[in-house]
Amino acid sequence: MSHRYQQIALLVAIALLLVFPLLGDRFYVQFVTRMLIMVVFASSLNLLVGYTGLVSLGHAAFFGIAGYIVALYSPEAHAAGFWSSLALSVGGAALLACLIGLLVLRTSGIFFIMATLAFAEMLFYLFHDTSIAGGSDGIYINERPILTIGGWVPIDLSNFVHFYYLVLAFAAAVILLLRVILQSPFGKVIVGIRVNEHRMRSIGFDTFRYKLVCFVIAGALAGLAGYLSAVQFGVVNPEMLGWHQSGSVLMMVILGGMGTLAGPVIGAFSLMMLEELFQSMTKHWQLLTGVVIVLVALYLPRGLAGLLPARPAGNGELPSAGSSASRSASSNTASTGGAPAGVQDRV
Amino acid sequence: MDPTIFLIQLLNGVQYGLLLFLVASGLTLIFGIMGVINLAHGSFYMVGAYLAWSLTQALGSFWLALAAGIVLSVVLGMLLEWLFIRHLYRRDHLQQVLLTYGLILVFSELRSILWGDDVHGVAVPAMLSGSIALTETLAYPVYRFWLSAICVLLAGLMYYLIQHTRLGMMIRAGATNREMTQSLGIDIGLLYRFVFAFGVALAAFAGMIAAPVSSVFPGMGNQVLILCFVVVVIGGLGSVKGALAAALLIGLIDTFGKVVEFELAGFQVLPELAGMSVFVMMAIVLLWRPEGLFSRRLR
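A. Representation of the overall build of chain A in the model. Counting its secondary structure elements, chain A contains 14 helices and two strands. By residue count, 53% of the 347 residues in chain A fall in the buried class. When contacts within chain A are restricted to residue pairs at least 6 apart in sequence, long-range pairs at least 24 apart make up 77% of them. Of the roughly 14600 Å² of accessible surface on chain A, 65% is carried by carbon and sulfur atoms.

B. Main features of the confidence of the model for chain A. Residues and elements named next belong to chain A. Averaged over every residue, the pLDDT of chain A is 83; the share at 70 or more is 88%. Confidence, read as mean pLDDT per element, is least for helix H14 (residues 341-346) in chain A (35) and greatest for helix H9 (residues 207-233) (94). Within the model, the stretch residues 312-347 combines pLDDT values under 50 with 61 contacts to residues more than four positions away or in other chains.

C. Geometry of the interface of chain B and chain A. Contacts between the two partners involve 57 residues from chain B and, on the opposite side, 52 residues from chain A. Between chain B and chain A, a total of about 5200 Å² is buried, with carbon and sulfur atoms accounting for 76% of that surface. Of all residues in chain B, Leu94, Leu98 and Tyr101 of chain B bury the most surface against chain A, accounting for 13% of the area lost on that side. Linking chain B with chain A are zero salt bridges, by the criterion used here. Linking chain B with chain A are four residue pairs in polar contact (both at pLDDT 80 or more).

D. Expanded view of the packing of helix H2 (residues 26-52) of chain A against helix H7 (residues 185-195) of chain A. All names here are of chain A. Direction vectors running N to C along H2 and H7 enclose 55°, while the axes themselves pass 8 Å from each other. With respect to their mutual orientation, H2 and H7 come out oblique. For the pair formed by H2 and H7, the contact residues are Leu47, Gly50, Tyr51 and Thr52 on the first element and Ile190, Val191, Ile193 and Arg194 on the second. For the contact of H2 with H7, the residue count by class is five nonpolar, two polar and one charged.

E. Up close: the nonpolar core. In this structure, Phe62, Phe119, Phe215 and Leu250 of chain A together with Met34 and Ile209 of chain B are the most contacted members of the largest nonpolar core, which totals 204 residues. For Ile209 of chain B, the contacting residues outside a window of four places in its chain are Leu19, Leu22, Phe62, Leu66, Tyr143, Trp146, Leu147, Ile150 and Cys151 of chain B.

F. Representation of the pattern of salt bridges. Following the criterion strictly, the structure yields six salt bridges over all chains and no others. In this structure, the salt-bridge partner of Arg209 of chain A is Asp206 of chain A, at a minimum N-O distance of 3.5 Å. Look at Asp206 of chain A and you get partly exposed, because its relative accessible area is 37%. A salt bridge links Glu81 of chain B to Arg193 of chain B, with the shortest nitrogen-to-oxygen separation between them at 2.7 Å. Here Glu81 of chain B is found in helix H3 (residues 62-83), whereas its partner Arg193 of chain B is found in helix H8 (residues 188-210), with 112 residues between them in sequence. Take Glu81 of chain B: its relative accessible area is 1%, and that puts it in the buried class. If you follow the salt bridges from partner to partner, you end up with Glu197, Arg201 and Lys211 of chain A in one network.

G. Structural view of the environment of Leu66 of chain B. Residue and element names in this part refer to chain B. Structurally, Leu66 can be placed in helix H3. A residue is classified by how much of its surface remains accessible, and Leu66, at 8% relative accessible area, is buried. Each residue touching Leu66, except ones within four places of it in the same chain, is listed here: Trp146, Phe205, Met208 and Ile209.

H. Inspection of helix H12 (residues 285-299) of chain A at higher detail. Over its 15 residues, H12 of chain A extends 21 Å from the first C-alpha to the last, a length consistent with the 21 Å expected when each residue adds 1.5 Å. On the buried face of H12 of chain A, the contacting elements are helix H10 (243-256) and helix H11 (262-281) of chain A together with helix H4 (93-115) of chain B.

I. Local environment of the packing of aromatic side chains. One pass over the full model with this rule turns up 26 aromatic pairs over all chains. Ring plane angle 10° and centroid distance 3.9 Å describe the contact between Tyr68 of chain A and Phe127 of chain A, whose orientation is recorded as stacked. Of this pair, Tyr68 of chain A sits in helix H3 (residues 60-73) while Phe127 of chain A is found in helix H5 (residues 109-129), placing the two residues 59 residues apart along the sequence. Among the residues examined, Tyr68 of chain A registers a relative accessible area of 1% and is labelled buried. Summarising the aromatic geometry, the rings of Tyr143 of chain B and Trp146 of chain B are spaced 5.3 Å apart at their centres and angled 40° between planes, so their arrangement reads as tilted. In this pair, Tyr143 of chain B and Trp146 of chain B both sit in helix H5 (residues 142-164), three residues apart, roughly one turn of the helix. Judged by relative accessible area, which is 2%, Tyr143 of chain B ranks as buried. Note on Trp146 of chain B: relative accessible area 19%, which makes it buried.

What counts and how
Residues numbered from 1 in each chain as written. Chains lettered and ligands numbered in written order. Predicted model: local features only at pLDDT ≥ 70, side-chain atom pairs only at ≥ 80, totals over all residues. Heavy atoms only, no water. Helix = DSSP H or I, 4+ residues; strand = E, 2+ residues; numbered from the N terminus. Buried < 20%, exposed > 50% of the residue type's maximum accessible area, 1.4 Å probe, protein only. Contact = heavy atoms within 4.5 Å. Areas by Shrake-Rupley, 256 points an atom, 1.4 Å probe, with all protein chains shown as cover. pLDDT = per-residue confidence, 0-100. Buried area = accessible area lost by both parts, 1.4 Å probe. Salt bridge = Lys/Arg side-chain N within 4 Å of Asp/Glu carboxyl O. Polar contact = N/O pair within 3.5 Å; in protein donor to acceptor, adjacent residues only side chain to side chain. Axes fitted to C-alpha atoms, helices over the stretch in contact; angles between N-to-C directions. Parallel < 35°, antiparallel > 145°, perpendicular 65-115°, else oblique. Nonpolar A, V, L, I, M, F, W, Y, C, P; charged D, E, K, R; others polar. Core = buried A, V, L, I, M, F, W, Y, C linked by side-chain atoms within 4.5 Å. Expected span 1.5 Å × (residues − 1). Phe/Tyr/Trp six-rings, centres within 6.5 Å; stacked < 30°, edge-to-face > 60°.

What follows is the structure, given as structure tokens:
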């Protein structure tokens, strides 16, 4: 696909998303809202997995904690303020990411995967086994937060069309923010860390600090997604923090093609549509999801983006992201050829 | 705390720790030797427990079920290695995580289709159903002693197999340098298939012998997997010795955490929070020795 066609495709997609609520009915508008929320969630994880090379299997911790914060912050009888609850949720997720990041970033590779999963499960048990927030049943948000700008209410969060546009705006803003981050010197450093952390350290970068900042940004953005999701459903439960949530979002990133800004968008949309299809077919729909995941891992290691013919360098809407991703994909396979390099000195 | 209750909890903790060790050592062996992170490892524990339940009913004897279950789990392990895992040796961890995560979903749904979602119990075999009197008033089930003894025996056998047999030598060589071992004429593919099947059988066997003391329920695999991860992070990956020490530690912390209520800085610490204690332990180890308590050595 040439550069021009990609731009046209992007514009068509944006136009479709903008006019969609005018055509679709309530169910479909809410379904696309859910997919857009997952786009935000998957994009935040992509910053870690796709760009920094940190495979986190506990990303749902930040998604879920933000949901719990808004649910606990909302008074029972009346609505919470939108801005204050949003700031608290995202800030809380960022703070948690900082705490967990300080611990898990001391490990790397396979330890990192296990430690992130274990800490997310710790939160799961905290909310599941204790009565702080309704235990395994979770808690309800009786009144959705009210968005006011100086007394004026421009958006009614209970209106599904209004909410759709709010989520769409947030999703677009997150993708633009990530684009800015990745094109900044900071973005170049984190991509450098993924390709060769050792070399980045010897050049003089404090890689731990860079990774921690990345982890916190990703946690805060996952918190944003969790906040939106909690507000949409009006209920939070421990499943939000569970590892199926973490696994599912990781799957979205990889299915779409990690290390590209478009990847999580494609991944979130295709996985959720696929799951919706499976759910309509059988009670045991997770069996089909599992088979798809196995097949993707075996045959589509670069995701759906890998199906497209390789783009010539300097082409595409995201030059830095796209080309460095494919470069690192090949360098990854080279370095892990044979017995994984890390294993040899480990064993 | 009452000394007899303390003794009972101590025995329970050690027994739980030894069981965790069986599962975690399979995980750590598969990673240490083959370089594969296997998220589906907990599923094998769950499959083992369900096998013990259904085979005991079908064959009428726990012992026959155990024997048949071991054979089945080895076959399952070989099949999975041949179908999926062997494609992962040259891939990075991300694809290993993804594929084995997919397998968890598949196993969990297959279990639901084959055996349903109910909680089951397996009777303790008649031979081991008695109790041993510890004090005048207190007795401890023979089955739990037997379970601990089997775990210790298996740990010893594993050590002997890896350290003192020709097969163990080949496994260690394969872990150190795959290409070199292969060029010496050792069929590394077959060796890895054996190691993977052995790991699967260990986890399934742990599930089978755990079935009579815990109930057989759908979420048991994931629960044990998370604890195994904690064990491996604390003990150091690829270290069987570390896995043993960490598993005992986690077994004891988890068991005592559930029975001890204490006050901390004026707050009554809820017994429900006991589930968190093992993770706090992990956080401490990560702060103190991020590479794990034991060096990452297999020997």
